[in-house]
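Inside the fold
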Amino acid sequence: MAFDAPIKTRVQLKDSELAARQWDEWRATRRQLMKLGAMGGAGIAALNLLPATGGSTRALAQDAEPKMGGTVSMSMADSDATSFDPPVPVDNMSIWTMLLFYDQLVRVNADGTAIEPGLAESWSGNEDATEYTFNLRDATFHDGSPVTASDVAFSILRAKNQEGGAWNFILSAIDTIEAPDDKTAVIKLSKPWAPLEADLAMFSASIIPQSLVEEQGDDFFQHPIGSGAFKFVSWEKDQEIVLEKNPDWWDTGKPYLDGVTFKVLPDSNARMLQFQGAELDIATSVPFNQLQSLQSNPDVKVVLDPVARIDYITLNTLVAPLDDVRVRQAINYAVDKQAIIDNVLFGYGEIANTFLPKMVGHDDSLPPYPYDVEKAKELLVGTAAENGFELELITQAGDAVDTQVCQLVAAALAEIGGNITISQVDGATLLDAVFSPDPNFEMAKVYYTTDILDPDELATFGVVSDGGALAIGSSYKNETVDQMVLDSQSVLDPEERQSMYNEIQRLVQEDAHFLYLFYPSGRTAVQAPIQDFHILPTGNYRLYEVWRDDV
Amino acid sequence: MLGYIIRRIIVMIPVLFALTIFTFFLVRLVPGNPASVMLGPRATPEAIASIEESLGLDKPLLVQYGYFMRDLLQGDLGDSIRKKQPVTTVIGDRIGPTLFLVFYSMILAVLITVPMATVAALNKERWPDQIVRIFTLGALAMPAYWVGMMLLQLLAVKYKIFPVAGYGDGFFGHLYYLFLPAISLALAIAALTIRSLRSSILETLGSDYVRTARAKGLSGRSVFSWHVMRNSSLSSITLLGLIFVFVIGGTTIMETIFSIPGIGQLIVRGIFDRDYPVIQGVTLVIGVIVLLTSLVVDILYAALDPRVKLS
């Protein structure tokens with residue numbers, strides 16, 4: 001699906017305390033989800049402390065010792081990857097695959113709560129956060145050549161200056177990078193920039209070998225060489241991407257698997273058939289309606305992970321009667337979201353209460369719009385929609401879940417006098433209508449995901465009036481909200497920042513520029529021998545921590 | 001004969017030219033553009049403009065068409081926007097599985113059609129004819145994609161006799177991997193051709209020259225193979241030519257169900273991504289195949305029926 005192209009935003013970890021607190025709540029939810037998921041009968045997930053890297057905690061289904069060896073095949077559910085040139089791709093398939101064979105100076109830990117060492121084993125910043133010194137560990141690229149500070153300078157500056165690149169802004173604060181010796185890289189910034197570490201963990205800042213890239217040009221990215229957990233072996237376009245274990249990886253002992261094959265399977269029927277035929281070990285984006293039958297199958301496990309995604313209907317606030325906040329609120333009251341979750345998602349989701357997905361900064365305590373048809377009718381009194389209204393709702397054709405959601409929404413709005421026409425259009429048409437400088441729609445079913453751990457970028461994008469996407473086509477504008485988001489960027493106290501964000505979410509919810517629907521859970525099916533597979537909240541997966549117990 | 005073929009090929013040129021105009025402007029009339037699909041929800045007007053400039057999409061349509069035709073005349077279909085490879089390479093990589101599947105299913109269809117139609121015609125209104133009739137009605141009533149999915153569930157997922165997906169390696173690997181999609185298509189084709197062949201056999205059996213052949217003492221067998229089958233197959237050949245075109249379309253669905261890396265999948269993906277060069281290239285290639293098929297059918301017709309002169 002073309003429209004599956006997710007919203008990518010930069011990682012910002014300005015306040016690790018806030019992050020930790022949010023993540024405690026988050027893990028609680030995750031445990032509940034995992035209980036639901038039955039985990040192949042393994043029972044309740046326990047929190048185990050992993051000995052390695054940064055003392056990170058993570059939920060393990062079993063506490064057995066990982067075994068070495070074996071390979072897995074895993075689906076790529078959106079489409080084929082498009083490019084492995086770090087600053088180029090905007091699609092998740094390329095990004096998540098690339099993260100397995102390139103390393104960055106630092107990386108996000110297994111829980112997504114903090115930054116931990118990557119190619120840099122330690123680093124320090126000066127007081128006003130304008131100069132950072134990174135000390136590289138002894139690591140080698142897959143061709144055996146050492147990773148040097150000049151490779152670091154080359155890679156990051158190349159990403160920063162990528163012509164027409166979608167991610168240049170992430171590294172825009174970097175001024176120069178110096179390499180006083182092979183193992184030291186000094187990054188100088190043009191202005192103080194607290195989120196630098198988090199930015200350097202992004203895929204676009206992957207470290208690539210300077211000499212090979214300069215020698216081979218674009219050909220290099222057809223058979224890329226990195227220093228990551230897996231080596232790139234082959235890429236048969238629209239078919240499969242094969243990776244093999246990098247035995248010399250600096251994170252000693254990992255990966256456990258000998259190799260991974262990614263199969264391009266955007267069609268969910270084909271994907272699930274291959275999984276049932278045991279030709280696929282890990283099937284991603286399992287259709288909701290197949291989860292229950294899979295859970296009763298002892299040969300497979302269903303892994304339900306919370307992912308930072310919200311599904312909603314964006315309301316064009318420039319079109320009558322949606323220009324009236326009372327009408328938008330009435331629409332939110334009129335729809336029974338729990339019924340949608342129960343009937344369309346088969347219960348695998350939660351009601352969305354704010355514009356933020358369940359992530360750092362999300363306010364759990366804010367009650368969602370309750371299902372209250374009477375209240376909705378009251379709100380409509382005195383508005384242009386009092387005697388009924390007609391609106392067009394566009395949605396992506398071919399997406400069974402979205403189609404059913406829209407039908408339920410249309411039926412619910414009919415109760416308050418709405419005559420909703422559902423138009424199914426293809427992804428590119430939907431993108432053009434909604435995410436354009438001049439939006440041309442009335443209501444549109446869309447979603448966004450994030451791989452950031454800070455609400456700033458998603459707020460800029462989803463609610464700030466001049467944030468780039470015109471608040472997702474709604475042309476929403478609330479000057480108080482705009483100012484508060486700006487102000488919160490410089491607030492370093494986590495408590496204060498969270499309370500600001502709670503207020504932002506409350507104000508935005510009141511303005512109802514979205515019809516808030518649900519937070520779906522991440523759904524992966526794995527064959528019984530596959531252990532420790534998880535989708536991180538940011539959507540990617542640490543395949544170097546996955547192992548098979550049948551080898 | 002050769003002159004005829006050359007003339008027919010020359011006539012194709014304006015047809016293909018019209019096809020390029022049609023696809024070129026049609027795909028650009030559809031809402032959405034490659035730059036916004038590539039950038040997704042993150043698209044800013046500046047980023048879209050910069051991508052459009054690099055792809056040459058900011059130029060007037062007629063100028064773009066001019067560039068397209070200039071490259072086309074040199075055998076260059078442009079570069080895929082999404083895959084960043086020449087379209088000729090992309091199509092070259094993927095036309096094999098599609099053509100293999102098309103011919104495989106046509107051959108299977110013929111292997112099903114000839115014996116069943118013969119048995120039905122020779123036993124007109126008796127029980128073998130009724131069985132064949134039930135079979136064809138059944139095959140007509142079930143869409144090929146449904147048959148494909150059922151066979152897949154049963155023979156690949158449940159009993160694991162056939163692979164669930166893919167194309168296989170080598171000729172016999174292809175035969176094995178593509179059997180389920182090919183037989184699904186073949187059943188759909190056979191449903192049409194059996195009825196047609198049966199009725200033309202019956203018609204031929206009642207004709208004067210068959211009676212004459214029998215009267216001059218030829219055995220039933222040689223009358224059947226020399227006179228009846230040869231004459232009856234004419235209408236079926238025309239039908240197969242038409243069906244060939246239909247099957248090229250039908251493979252698109254089979255390629256999706258069975259994950260076969262053919263041009264059907266390619267064009268569907270290309271349309272979603274608004275990958276204009278891929279859409280244009282595949283359409284053009286399919287156009288050429290369709291035109292060549294009708295030429296081959298006409299030649300076969302002449303070879304089978306001496307009364308037909310190609311001129």
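Treat the numbers as computed from the prediction; the structure is a model and nothing was measured.

Within chain A, the regular secondary structure consists of 15 helices and 22 strands. Going through the 551 residues of chain A one by one, you find that 57% of them count as buried. The long-range fraction of contacts in chain A, counting pairs at least 24 apart against all pairs at least 6 apart in sequence, stands at 71%.

The subject of this paragraph is the sheet that holds strand β8 (residues 174-181) of chain A. All names here are of chain A. Strands sit in the order β6-β7-β9-β8 across an open sheet of 4 strands; the sheet is antiparallel. At either margin of the open sheet sits one strand with a lone partner, and together these are β6 (120-125) and β8. Within the sheet, the average angular offset between the axes of one strand and its neighbour, ignoring direction, is 20°. Both β6 and strand β7 (residues 131-136) contribute to a ladder of 5 bridges, which runs antiparallel. By the bridge assignment for β7, A120 is matched with L136. Against the sheet, helix α3 (residues 149-160) contacts β7, β8 and β9 (184-189), and its axis sits at roughly 170° relative to β8.

Formed by 228 residues in total, the largest nonpolar core has its most connected members in Y312 and I313 of chain A. In terms of residue count, helix α9 (residues 179-205) of chain B provides more of this core than any other element does, 15 residues in total. Mapped onto the domain boundaries, this core takes at least three residues apiece from domain 1 (2-73) and domain 2 (95-304) of chain B. For I313 of chain A, the residues in contact, after removing those within four places along its chain, are L393, V409, M443, A444, K445, F514, L515 and L517 of chain A.

A few words on the domain arrangement of chain B. Residues and elements named next belong to chain B. Per the domain assignment, the segments of chain B are domain 1 (2-73) and domain 2 (95-304). If you average the C-alpha positions of domain 1 and of domain 2, the two centres end up 33 Å apart. The interface is formed by 15 residues belonging to domain 1 together with 12 residues belonging to domain 2. Among the elements of the structure, α1 (2-29) and α2 (34-39) are those that each provide at least two residues to the side of domain 1 that touches domain 2. Counting residues per element, the side of domain 1 that touches domain 2 draws most heavily on α1, which supplies 11 residues. Residue classes in the side of domain 1 that touches domain 2 are distributed as 9 nonpolar, 4 polar and 2 charged.

Let's shift gears to the pairing of strand β19 (residues 443-449) of chain A. Residues and elements named next belong to chain A. When you tally the buried positions in β19, you get 7 out of 7 residues, the bulk of the element. The two faces of β19 match: M443, K445, Y447 and T449 on one face and A444, V446 and Y448 on the other face are all buried. Judged from the 7 bridges that link them, strand β15 (residues 309-315) and β19 form a sheet pairing that is antiparallel. Its bridge partner being in β19, T314 is matched across the sheet by A444. As paired elements, strand β17 (residues 389-396) and β19 share 2 bridges and run parallel to each other. Of the residues in β19, the one forming a bridge with I394 is A444.

Let's shift gears to the environment of M93 of chain A. All names here are of chain A. Here M93 lies in helix α2 (residues 92-101). For M93, a count of 21 C-beta atoms within 10 Å gives the class buried. A C-alpha to C-alpha distance of 6.5 Å links M93 and M76, two positions 17 residues apart in sequence. Setting aside anything within four residues of it in sequence, one finds M93 in contact with M76, D78, S79, D80 and A81.

What follows concerns the packing of α9 of chain B against helix α11 (residues 220-257) of chain B. Residues and elements named next belong to chain B. The interhelical angle for the contact between α9 and α11, taken along N-to-C directions, is 160°, at an axis separation of 9 Å. Viewed along their axes, α9 and α11 adopt a mutual orientation that is roughly antiparallel. Seen along the crossing, α9 lies across α11 with a hand that is right-handed. Each of P181, S184, L185, I189, L192, T193, S196, L197, S200, I201, T204 and L205 in α9 lies in contact with α11, whose residues at this interface are V228, N231, S232, S235, S236, L239, L240, I243, V247, G250 and M254. Taken together, the residues that form the contact of α9 with α11 break down as 13 nonpolar, 10 polar and no charged.

About the cut-offs
- Residues numbered from 1 in each chain as written.
- Chains lettered and ligands numbered in written order.
- Predicted model: local features only at pLDDT ≥ 70, side-chain atom pairs only at ≥ 80, totals over all residues.
- Helix = DSSP H or I, 4+ residues; strand = E, 2+ residues; numbered from the N terminus.
- Buried ≥ 20, exposed ≤ 12 C-beta atoms within 10 Å, placed from the backbone.
- Contact = placed C-beta atoms within 7 Å.
- Pairing = 2+ DSSP bridges.
- Axes fitted to C-alpha atoms, helices over the stretch in contact; angles between N-to-C directions.
- Core = buried A, V, L, I, M, F, W, Y, C linked by C-beta atoms within 7 Å.
- Domains from an automatic or database assignment.
- Nonpolar A, V, L, I, M, F, W, Y, C, P; charged D, E, K, R; others polar.
- Parallel < 35°, antiparallel > 145°, perpendicular 65-115°, else oblique.
- Left-handed = near helix turned anticlockwise from the far one by under 90°.

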